[in-house]
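What the coordinates show
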Amino acid sequence: MMVLLKHEWKQNVRNLLIWSLAVGAMGMLCICLYASMTEDMAELSESFSNMGAFSDAFGMSTLGIGTIAGYFATEVGVVHSLGSSMFAAIMASTILSKEEDGHTGEFLYALPVTRGKVITTKICSMVLSLVVFTTITTAFYILGFRIIDTWPDMELFAIFMLSQFLMNLEVMCICTMLSAFVKRNMIGAGLGIALLLYVYDLMGRVVPDAKEYLFIGPFGYANASEIFAKRDIPSAAYICGVCIMMMALVITYLKYTRKDLAS
Amino acid sequence: MIEKAIEINHLTKHYGKHRGVEDVSFSVEAGDIFGFLGPNGAGKSTTIRSMLGFLQYEGEIRILGMDARKDHERILREVGYMPSEAMFYPSMRVRDVIRLSAEVRGMDCKREAKMLCDRLRVDVDRKINELSLGNRKKVSIVCAMQHKPNLFIFDEPTSGLDPLMQNTFFELIAEYVKGGTTCMLSTHVLSEVKKYCNHVAIMKEGQLVSAGSVSELTHTSSKRVTGTIDGQQVDYLYTKDMNQLLEELHGKNVTDLNIMDPSIDEIFMGYYSKDADREGAMR
């Protein structure tokens, strides 16, 4: 198992570094811009909070963009949510199918290891990648706060990053399930799933009747403005997230261990 | 000591509505070199991929006395498989692929791997994406042989290999088989079967056409007749009694005549051909 885990990790590490450095650096740059925008913030904050549905969708009606917490939630929160979920989706939507797509399956599955163990190893490798991704981006954001010497509530920041990690796990599980069903890499479909979940959350915040169903999507419990505004996240959102993850994993194992592998 | 290295009983595999293989049964003796013949789409790869657990199937497959479904992992420990495509992770170096294959088995195969790389002239420092098909095949041979398995399964092993390497490959097989390994090789090259295999199974359209010893299957009363008769060049396969041939030639102007055994290609093509019955075309 450890040998395969190491192998899988090596296969993913380049993408992991590219994505985590890009998202982390982008977030840090956003944070650094906060200082230069402080003077205009009061005016901006006022106008942004009065933009109706747009303000609701991006959480600017909840938090003032003039504070570092509000600025981080509405700017960096979106960058991190989209960037990290896209990374999770790309990685997971090809994790199983890449063996058939790249014709390496006959090498891998001729080794004395069951498909169940291969799935477990690949999932462990992805979880590890998401831990490293979250750690690197967190380090970048903390560096950004240090540069501008302005700090948000770090407890809320930690809750936000952990919620994002959980959200990425959920996107990963859904996209891994997709990967178990297909024989060709479907990065587009994976990205589509991540974006669809994001748009579902945006729509839910704009359409009044849809607000009650926000908890179904993973972005529901990981929304930066909700977390930094100290609003209670309904426990149903977490329960729903865990259930979706479990269900996706069970389906992945059931499907992939019984599937005919393409040559 | 296991007598049968491979036992396949009533193997059936369908891909949706399409036929894969239908009710295939044959066995391979331990220590044998077994040829697996058939045209493209005959079901050879489907049979091999079922044996290795890549496909779900109906019927029973036993490898080295173990059930292919229940003892999948244990079987793969004892098997060295070389796929026809020989694809690896493109960004890896040859050395890393060979090491990965050994480490997953929890074995130290350095000495055997070095011997194989030396004999097959494998450059372990090169990246996989720089290799030609022939060189990837050589890496695949090393991965299949380095752990000294009890059973080799090779799917079209010599395609892409130069004649010198083909020779080395069969020398290696002979050495391992001498040490007790069984070898099953799927191939299109009929001369390889005649030269190296003891037994052979022939597949056609998803069904087993014939199985037996190479000498049995290549034994035929048919003769190839070439020559010049009544001023015309003739070249045909004669399947009837030889006395009847002499009667047919009686009274004709025979200026040149050769009567010889058909080539192995011709014999096996008879099994492959559409109108061949299950007993063999030229018997």
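Refer to the structure above for everything that follows.
As a starting point, this report considers the structure included with it. (Residues numbered from 1 in each chain as written. Chains lettered and ligands numbered in written order. Predicted model: local features only at pLDDT ≥ 70, side-chain atom pairs only at ≥ 80, totals over all residues.)

1. Regarding the overall build of chain A
In terms of regular secondary structure, chain A is built from 10 helices and 0 strands. In sequence order, chain A lays out its α and β elements as α-α-α-α-α-α-α-α-α-α. Split into buried and exposed, the 263 residues of chain A put 45% on the buried side. Within chain A, counting contacts between residues at least 6 apart in sequence, those at least 24 apart form 78% of the total. (Helix = DSSP H or I, 4+ residues; strand = E, 2+ residues; numbered from the N terminus. Buried ≥ 20, exposed ≤ 12 C-beta atoms within 10 Å, placed from the backbone. Contact = placed C-beta atoms within 7 Å.)

2. A short note on the environment of A:S20
All names here are of chain A. Along the polypeptide, S20 turns up in helix α1 (residues 2–49). Assessed through the 24 C-beta atoms surrounding it within 10 Å, S20 is described here as buried. Those residues in contact with S20 that lie beyond four places of it in its chain are V132, F133, I136 and T137.

3. With respect to the packing of helix α3 (residues 68–93) of chain A against helix α8 (residues 187–206) of chain A
Residue and element names in this part refer to chain A. The contact between α3 and α8 brings their axes to 8 Å, and the two run at 145°. The hand of the α3/α8 crossing is right-handed. Residue-level inspection shows S81, L82, S85, M86, A89, I90, A92 and S93 of α3 in contact with α8, the latter providing I187, A189, G190, L191, I193, A194 and Y198. Split into classes, the residues belonging to the contact of α3 with α8 amount to 11 nonpolar, 4 polar and no charged. (Axes fitted to C-alpha atoms, helices over the stretch in contact; angles between N-to-C directions. Left-handed = near helix turned anticlockwise from the far one by under 90°. Nonpolar A, V, L, I, M, F, W, Y, C, P; charged D, E, K, R; others polar.)

4. Some remarks on the sheet that holds strand β11 (residues 223–229) of chain B
All names here are of chain B. With antiparallel pairing, 3 strands are arranged side by side in an open sheet as β12-β11-β13. The two strands at the open ends of the sheet, each matched to only one other strand, are β12 (232–238) and β13 (254–260). Pairwise comparison of adjacent strand axes, ignoring direction, gives a mean angle of 10° for this sheet. Judged from the 6 bridges that link them, β11 and β13 form a sheet pairing that is antiparallel. Its bridge partner being in β13, T228 is matched across the sheet by D256. (Pairing = 2+ DSSP bridges.)

5. Some points on unusual backbone geometry
All names here are of chain B. Here the phi dihedral of D23 falls at roughly 50°; this positive angle occurs in a residue that is not glycine. Note on placement: D23 falls in strand β2 (residues 18–29). Although it is not a glycine, D230 sits at a positive phi angle of roughly 50°. Counting through the fold element by element, D230 comes out in the loop between β11 and β12.

6. What about the sheet that holds strand β1 (residues 4–15) of chain B?
Residue and element names in this part refer to chain B. Read across the sheet, 4 strands follow the order β2-β1-β4-β5 without closing on themselves; strand pairing throughout is antiparallel. Unpaired on one side and paired on the other, β2 and β5 (66–67) mark the two borders of the sheet. Examined bridge by bridge, strand β4 (residues 58–63) and β5 share 2 bridges and lie antiparallel to one another. What sits directly across from I63, in β5, is M66.

7. Overview of the packing of α3(A) against helix α6 (residues 115–148) of chain A
All names here are of chain A. Taken N-terminus to C-terminus, the directions of α3 and α6 make an angle of 160°; their axes are 11 Å apart at the nearest point. Looking at the two axes, α3 sits roughly antiparallel to α6. The chirality of how α3 crosses α6 is right-handed. Of the residues in α6, those touching α3 at V76, H80, S84, F87, A88, M91 and A92 are M126, S129, L130, F133, T137 and Y141. Broken down by class, the residue content of the contact of α3 with α6 amounts to 9 nonpolar, 4 polar and no charged. (Parallel < 35°, antiparallel > 145°, perpendicular 65-115°, else oblique.)

8. Description of the interface of chain B and chain A
Contact residues are listed per partner, giving 21 residues for chain B and 19 residues for chain A. Counting only elements with at least two residues in the side of chain B that touches chain A, the list comes to α1 (44–51), α2 (72–78) and α3 (94–104) of chain B. Residues belonging to the side of chain B that touches chain A are distributed by class as follows: 11 nonpolar, 4 polar and 6 charged.

9. A look at helix α5 (residues 133–145) of chain B
Residue and element names in this part refer to chain B. Its 13 residues place the ends of α5 18 Å apart at the C-alpha level, agreeing with the 18 Å of an ideal helix rising 1.5 Å per residue. Of all 13 residues making up α5, 10 are buried, and the element is well covered by its neighbours. Residues N135, K137, K138, V139, S140, I141, V142, C143, A144 and M145 constitute the buried set of α5. Contacts from the buried residues of α5 go to β6 (79–82), α3, α4 (110–120), β7 (151–155) and α6 (163–178). (Expected span 1.5 Å × (residues − 1).)

10. A closer look at the nonpolar core
Of all hydrophobic cores here, the largest spans 115 residues; its most connected members are A:V171, A:M172, B:I63, B:V142, B:I153 and B:M184. With 10 residues, helix α7 (residues 154–181) of chain A is the largest single contributor of residues to this core. In this structure, A:Y71, A:F157, A:F160 and A:I227 belong to the second largest nonpolar core, which totals 19 residues. (Core = buried A, V, L, I, M, F, W, Y, C linked by C-beta atoms within 7 Å.)

11. Focus: the environment of B:T226
All names here are of chain B. Considering the arrangement of structural elements, one finds T226 in strand β11. It is 53 Å that separates the C-alpha atoms of T226 and Y89, two residues lying 137 residues apart in sequence. Excluding residues within four positions of it along the chain, T226 makes contact with V234, D235 and N258.

Shape descriptors only; they carry no functional weight alone.
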